[in-house]
Amino acid sequence: MPKTSKYIFITGGVLSSLGKGIASSSIGLLLKQRGLSVTVQKFDPYINVDPGTMNPYQHGEVYVTDDGAETDLDLGHYERYLDVSMSKANNATAGQVYNEVIQRERRGEYLGKTVQVIPHITDEIKRRMRAFDGVYDVIIIEVGGTVGDIESLPFLEACRQLHLDLGRGNSINVHLTYVPYIRSAGELKTKPTQHSVKTLMEFGIMPDVLLCRAEMKLGREIRSKIGLFCNVEERSVIEALDAETIYEVPQMFAKRELDAIVCEKLGIRAKALNLDTWTRFTNRIKHPREEVTIALIGKYIKYKDSYKSIGEALIHAGAINNARVNVRWVDSEILTEQTLASELDGIDGALVAPGFGSRGIEGKLAAIKWLRESGTPFFGICLGMQCAVIEIARNLAGMPQATSAEFRKNKFNVIDLMPDQQKVTNKGGTMRLGSYPCVLTNQRSKAFKAYKSATIDERHRHRYEFNNDFRAALEAAGLTVTGTSPDGRLVEIIELPSHPWFVGVQFHPELKSRAVTGHPLFISFVKASMAHRKSLSSRS
Ligand code: GLN
């Protein structure tokens, strides 16, 4: 029998970047830890069909799901907190919605009617909001943007209508706002929250819970004032203070009994909350026994969200290894043979990041050479792995002109398009996206020891591949291929067995690292970096 799903609409007010994604994930986790099945959907009001074409500086990381959708990075938070895999249907943009409606109109499916935002666009939004109806106990719908934005309007209208369609007691609105502290007045100010709730109400949405981001405790007085002016009972006005780690937010909400409030308002009877494992995990993040410094070498380091999942995967792996991972962000564009020593001084391991285009490549290659020669743990992801292949080709296999066809076409394209991709001229058509199986071919490899399994699935987002024409020459120079596609055609993992830890992967392991359990390769990499740190300190 299908379940009756309950819905939680999460909206944001006052300003962006308040952490709606973390709030949604945290509420989801609390409900999951009360024995309920939960999923989260993100609705983005921008016109791009997906963020795949956006610059990381505009949008941060593009998160790829198993089914190959290029999505908003909040989906990464949902997966990490809830340990549930997301799919295409978990992220919808205004671009997708309009695209669908316009195509339907062109096919004549509206039978001569005037096609309008209401009801046609809103109906399509509602259809998508009900994609998981009956599948989960609770469906959390996060609406991107800030209430009052012109582009958010059809999405808020769809929430209002869906609330009505679902019937009383089957959905609630949780509104995330900001309560600034004004230093000169020495006061927390509630007015922005009042205005934001007023705007929400203009759209016919009454908040059931207010999550108030603030730098300091609100206190009873402020909460009751906000409650009174915003028509929300006092206990449902919940402060959301800055946390030491984002993984602590669920416990902060639990202290305010947010899970109980939500269950009560939705008429859900659920088990008692159990956050024991989660609390052990956050305690390890907050009070680790050791520390380790890892360089993250990439070209988008000025905007940390570009490498969101890598940063989180390192935190998970640190918690499992009982170590604080200090990330040193290193801009590959300023790395040269001369600056290397000072930029990488004191690091215990380095991760060379994914990316597109030739900027910063020479810096990455110089760094990899340094890491290889100094025996410092190296983890190359996607473009980082491709750079390792180029570095080995240039410096160990006697091919000084070796490069990727992405940067320059020549006779030494050790990274290239596969023959069947060469004919396709439309870039969008050639990306390998989503989950693919990989077989680990060598039981002695670092990869096999980490995964403890001969077959794995990992997610991809790239166009170029290891060129098999050079495989023999590179293997003769010391590189080993330790993971391939099941047919052996696509090289997925390369290693240097003579090095303490030198692993490059064509896929994106960071996208599958979940809180509490982490990812085998990241766990192994952090562990190797800790060992390297110890060997360095015993030498000095
Ligand atoms: N630019 C490379 C490719 O397209 C690597 C992509 C990546 O690092 N995600 O193959």
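Higher on the page you've got the structure.
Within every chain, residues take consecutive numbers counted from 1 along the sequence as written. Only residues with pLDDT of 70 or above have their local features reported here, since the model is predicted, and side-chain atom pairs are shown and tallied only from 80 upward, although totals for entire chains, interfaces and linings are computed over all residues. Hydrogens and waters are ignored; side-chain quantities use all the structure's heavy atoms.

Section: the pairing of strand β2 (residues 38-44)
Partly exposed residues are those whose accessible area sits between 20% and 50% of the maximum for their type, while under 20% is buried and over 50% is exposed, using a 1.4 Å probe and protein chains only. Helix and strand assignments come from DSSP, with helices taken as H or I runs of at least 4 residues and strands as E runs of at least 2, each series counted from the N terminus. Of all seven residues that make up β2, seven are buried, and the element is covered over most of its length. The side-chain alternation of β2 yields two buried faces, one formed by V38, V40, K42 and D44 and the other by T39, Q41 and F43. When DSSP finds two or more bridges between two strands, those strands count as paired. Note that β2 and strand β6 (residues 138-143) share six bridges and pair parallel. Within β6, the residue paired with K42 across the bridge is E142. In the sheet, β2 pairs with strand β5 (residues 91-93) via three bridges, with the strands oriented parallel. Paired with K42 across the two strands is N91, which belongs to β5.

So, helix α15 (residues 383-395)
Side chains three or four residues apart in an α-helix point the same way, a direct result of the helix having 3.6 residues per turn. Expected helix span is taken as 1.5 Å per residue step, with the number of steps being one fewer than the number of residues. When the terminal C-alpha atoms of α15 are compared, their 18 Å separation across 13 residues agrees well with the 18 Å that a helix rising 1.5 Å per residue should span. For α15, a buried count of 11 out of 13 residues is recorded, marking the element as mostly surrounded by other parts of the structure. Among the residues of α15, those classed as buried are L383, G384, M385, Q386, C387, A388, V389, I390, E391, I392 and A393.

Side note on the site of the ligand
One heavy atom within 4 Å of a molecule or strand makes the whole residue count as near it. Neighbouring the ligand are the residues P354, G355, F356, C382, L383, Q386, E406, R461, H462, R463, Y464 and H508. We define a polar contact as two N or O atoms separated by no more than 3.5 Å, with the added condition that, inside protein, one atom must be a possible hydrogen donor and the other a possible acceptor, whereas residues neighbouring each other in sequence contribute only through side-chain atom pairs. E406 is positioned such that a nitrogen or oxygen atom in its side chain is 2.7 Å from a nitrogen atom of the ligand. At a separation of 3.0 Å, an oxygen atom of the ligand approaches a polar backbone atom of R463. Against a free-state accessible area of 300 Å², the protein chains account for coverage of 99% of the ligand. Those elements that provide at least two residues to the shell around the ligand are α15 and β19 (455-462). Ten residues, namely Ala, Val, Leu, Ile, Met, Phe, Trp, Tyr, Cys and Pro, are considered nonpolar, four, namely Asp, Glu, Lys and Arg, are considered charged, and the remaining ones, Gly among them, are considered polar. Taken together, the residues of the shell around the ligand sort by class into five nonpolar, four polar and three charged. In these tables, accessible area is a Shrake-Rupley quantity obtained with a 1.4 Å probe, and a residue counts as shielded only by the protein chains included in the view.

Examining the sheet that holds β19
Taking strand neighbours across the sheet as the criterion, the nine strands line up as β13-β12-β14-β15-β23-β22-β21-β18-β19 in an open arrangement whose pairing is mixed. The open sheet has two free edges, formed respectively by β13 (323-331) and β19, since each of these has just one partner strand. Along the sheet, successive strands turn relative to each other by an average axial angle of 25 degrees, direction set aside. Looking at chain direction, strand β22 (residues 491-495) and strand β23 (residues 502-505) are connected through three bridges and run antiparallel. The partner of I494 across the bridge, within β23, is G504. Fitting a line to C-alpha atoms yields each axis, with helices limited to the stretch in contact; the angle taken between N-to-C directions then spans 0 to 180 degrees.

Digging into the packing of helix α12 (residues 308-320) against helix α18 (residues 520-539)
Axis separation between α12 and α18 bottoms out at 8 Å; the angle between their running directions is 65 degrees. For the crossing formed where α12 meets α18, the hand is right-handed. On the side of α12, the interface is formed by I310, A313, L314, A317, G318 and I320, while α18 contributes F522, I523, F525 and V526. When the residues that make up the contact of α12 with α18 are grouped by side-chain class, the tally is nine nonpolar, one polar and no charged. Whether a crossing is left-handed or right-handed is set by the direction in which the near helix is turned from the far one by less than a right angle, anticlockwise for left-handed and clockwise for right-handed. Only heavy atoms matter for contacts: two residues are in contact if any of them lie within 4.5 Å across the pair.

Description of the pattern of salt bridges
Whenever Lys or Arg places a side-chain nitrogen within 4 Å of a carboxyl oxygen from Asp or Glu, that contact is recorded as a salt bridge. In total, this model carries 40 salt bridges according to the counting rule given. The salt bridge partner of R104 is E100, with a shortest N-O separation of 3.3 Å. With R104 and E100 both in helix α4 (residues 94-106) and four residues apart, the pair spans about one turn of that helix. The salt bridge partner of E124 is R104, with a shortest N-O separation of 2.8 Å. With a gap of 20 residues between them, E124 in helix α5 (residues 117-129) and R104 in helix α4 connect regions that are remote in the sequence. Take E124: its relative accessible area is 1%, and that puts it in the buried class. With a relative accessible area of 17%, R104 lands in the buried category.

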